[in-house]
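Notes for the structure review
What follows is each chain in one-letter form.
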Amino acid sequence: MIIATWNINSVRLRLDLLQKLFNAQAPDIVCLQETKVQDAHFPIEALKDMGFNHIVYSGEKSYNGVAILSKYEISDSFSLEFYNSDKRHICAKIHDFELHNFYVPAGGDEPDTLINPKYKHKLAYVEAMEQWFASNRLKSDNLILVGDLNIAPLEHDVWSSKQLSNVVSHTPFERTALIKLQNSFDFVDTARKFVDPSQKFYSWWSYRNRDWKKSNRGRKLDHIWVSKPLESRLQNIVLYKEARDWDRPSDHVPYIANIA
DNA sequence: ATGGTTGGCGCCCAA
């Protein structure tokens, strides 16, 4: 089963790029973030025409928004709201596993909870995720946690750990918080299972670079984690970097895991 | 220290 996660930065603007992703990678399930569309305007018919008959979504006007597109039946779904009414999570039960798709708050620019409420909100959000799993799920459950987590926890998840040490997405506080969430539930990071932590691995490159490939100042913000019982079913991963060179690309590229 | 670019919406905010 091929599962993709992609921060698409407006689903309505990039329906053609979704079709290109489907043609090239044939995903069975696609988890989207930053759909930037309220539910009443979600392009459900266009996506069904592309072969995804089971679709769940939770969106709002202008900001945030998540969706799960599946070729397999979704037997149940729900959306968690950890902060105000931000649409940042959707969960689907498919086959024998439960798939959680998150869009963690970016956190603004200033890495100081006293002066930047967005950063405070981000840290509180990650804490709320951990609390929810601790209270509602077991380590023995078949869980898949994916999404734009907006945190690059390891040294080689960013182009320069030193230069980004005080930049939101790679501050020590965020890195610790995300690793704590991962470890508290024994989640396995699929990317680092296949690519050694000593190797650079990025899923996002800023728009604010003349040549993203040449400067290569990337960060690993997009994740697919699986709970321990699913680890032995991991087949391989694909980082679909070509997508960053498409016309009017997202600043994130699709990240894919194949799970038996 | 600064500014670089994009999308949605509406003349600015968030990323």
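Everything numeric here is computed off the predicted structure, so don't read it as measured data.

Okay, the UniProt feature "domain: Endonuclease/exonuclease/phosphatase" (unreviewed entry) in chain A next. Residues given the UniProt feature "domain: Endonuclease/exonuclease/phosphatase" (unreviewed entry) here are residues 4–252. For residues 4–252, the end-to-end C-alpha separation is 12 Å, with 24% helix and 24% strand making up the annotated structure.

What follows deals with the packing of aromatic side chains. Within this structure, the stated rule accounts for 16 aromatic pairs. With centroids separated by 5.1 Å and ring planes inclined at 90 degrees, the aromatic side chains of W132 and F133 adopt a geometry described as edge-to-face. Plain terms: the ring middles of Y240 and W246 are 5.5 Å apart, the flat faces sit at 75 degrees to each other, and that makes the pair edge-to-face. Each member of the aromatic cluster is reached from another via a ring pair, and the members are F78, F82, F102, Y125, W132, F133, F185, F187 and W225. Across from the ring centre of F52, 5.4 Å away, lies the NZ or CZ of K71, which sits over that ring.

The next subject is the protein's contact with DNA strand B. Around DNA strand B there are 17 residues in total, and S10, S62, Y207, R208 and R248 lie nearest to it. Backbone sugar and phosphate groups make up 65% of those atoms of DNA strand B lying within 4 Å of the protein. Between DNA strand B and the protein, one listed contact pairs a sugar or linking oxygen with a backbone N or O atom of Y207 at 3.2 Å. In the model, a base nitrogen of DNA strand B is placed 2.5 Å from a nitrogen or oxygen of the R208 side chain.

Along the chain, V168 falls in the loop between β8 (143–148) and α4 (172–184). Relative accessible area serves as the criterion here: at 8%, V168 is assigned to the buried category. Sequence separation between V168 and V66 is 102 residues, and the spatial gap between their C-alpha atoms is 22 Å. Setting aside residues no more than four positions away along its own chain, V168 makes contact with A106, G107, G108, D109, E110, P111, Y119, K122, E174 and R219.

We now examine the pattern of salt bridges. Within the structure shown, the criterion is met by 16 salt bridges. Of the charged contacts in the structure, one is a salt bridge between K36 and E34, with a shortest N-O distance of 4.0 Å. Taking relative accessible area as the criterion, K36 reaches 28% and is therefore assigned partly exposed. Exposure remark for E34: the relative accessible area of 16% places this residue in the buried category. A cluster of three or more residues bridged by salt bridges with shared partners is formed by D76, K93, E98 and R137.

This brings us to the sheet that holds strand β4 (residues 66–70). On the basis of which strands lie adjacent, the open sheet formed by six strands has the order β3-β4-β2-β1-β14-β13 and mixed pairing. Every interior strand has two partners, whereas the edge strands, β3 (54–58) and β13 (234–239), have only one. Here the strands of the sheet are splayed against their neighbours by 10 degrees on average, with no regard to which way each runs. Examined bridge by bridge, β3 and β4 share five bridges and lie antiparallel to one another. Across the sheet, residue V56 finds its bridge partner in β4, namely I68.

Contact geometry of helix α3 (residues 117–136) with α4 gives a least axis separation of 9 Å together with a crossing angle of 10 degrees. In terms of orientation, α3 and α4 fall into the roughly parallel class. Every residue of α4 that contacts α3 at Y119, K122, L123, V126, E127, M129 and E130 is listed here: F173, E174, A177, L178, K180, L181 and S184. Of the residues contributing to the contact of α3 with α4, the split by class is eight nonpolar, one polar and five charged.

Cut-offs applied
- Residues numbered from 1 in each chain as written.
- Chains lettered and ligands numbered in written order.
- Predicted model: local features only at pLDDT ≥ 70, side-chain atom pairs only at ≥ 80, totals over all residues.
- Heavy atoms only, no water.
- UniProt positions renumbered as here; feature names shortened; annotations may be inferred.
- Helix = DSSP H or I, 4+ residues; strand = E, 2+ residues; numbered from the N terminus.
- Phe/Tyr/Trp six-rings, centres within 6.5 Å; stacked < 30°, edge-to-face > 60°.
- Lys NZ or Arg CZ within 6 Å of the ring centre and 35° of its normal.
- Near = heavy atom within 4 Å.
- Polar contact = N/O pair within 3.5 Å; in protein donor to acceptor, adjacent residues only side chain to side chain.
- Buried < 20%, exposed > 50% of the residue type's maximum accessible area, 1.4 Å probe, protein only.
- Contact = heavy atoms within 4.5 Å.
- Salt bridge = Lys/Arg side-chain N within 4 Å of Asp/Glu carboxyl O.
- Pairing = 2+ DSSP bridges.
- Axes fitted to C-alpha atoms, helices over the stretch in contact; angles between N-to-C directions.
- Parallel < 35°, antiparallel > 145°, perpendicular 65-115°, else oblique.
- Nonpolar A, V, L, I, M, F, W, Y, C, P; charged D, E, K, R; others polar.

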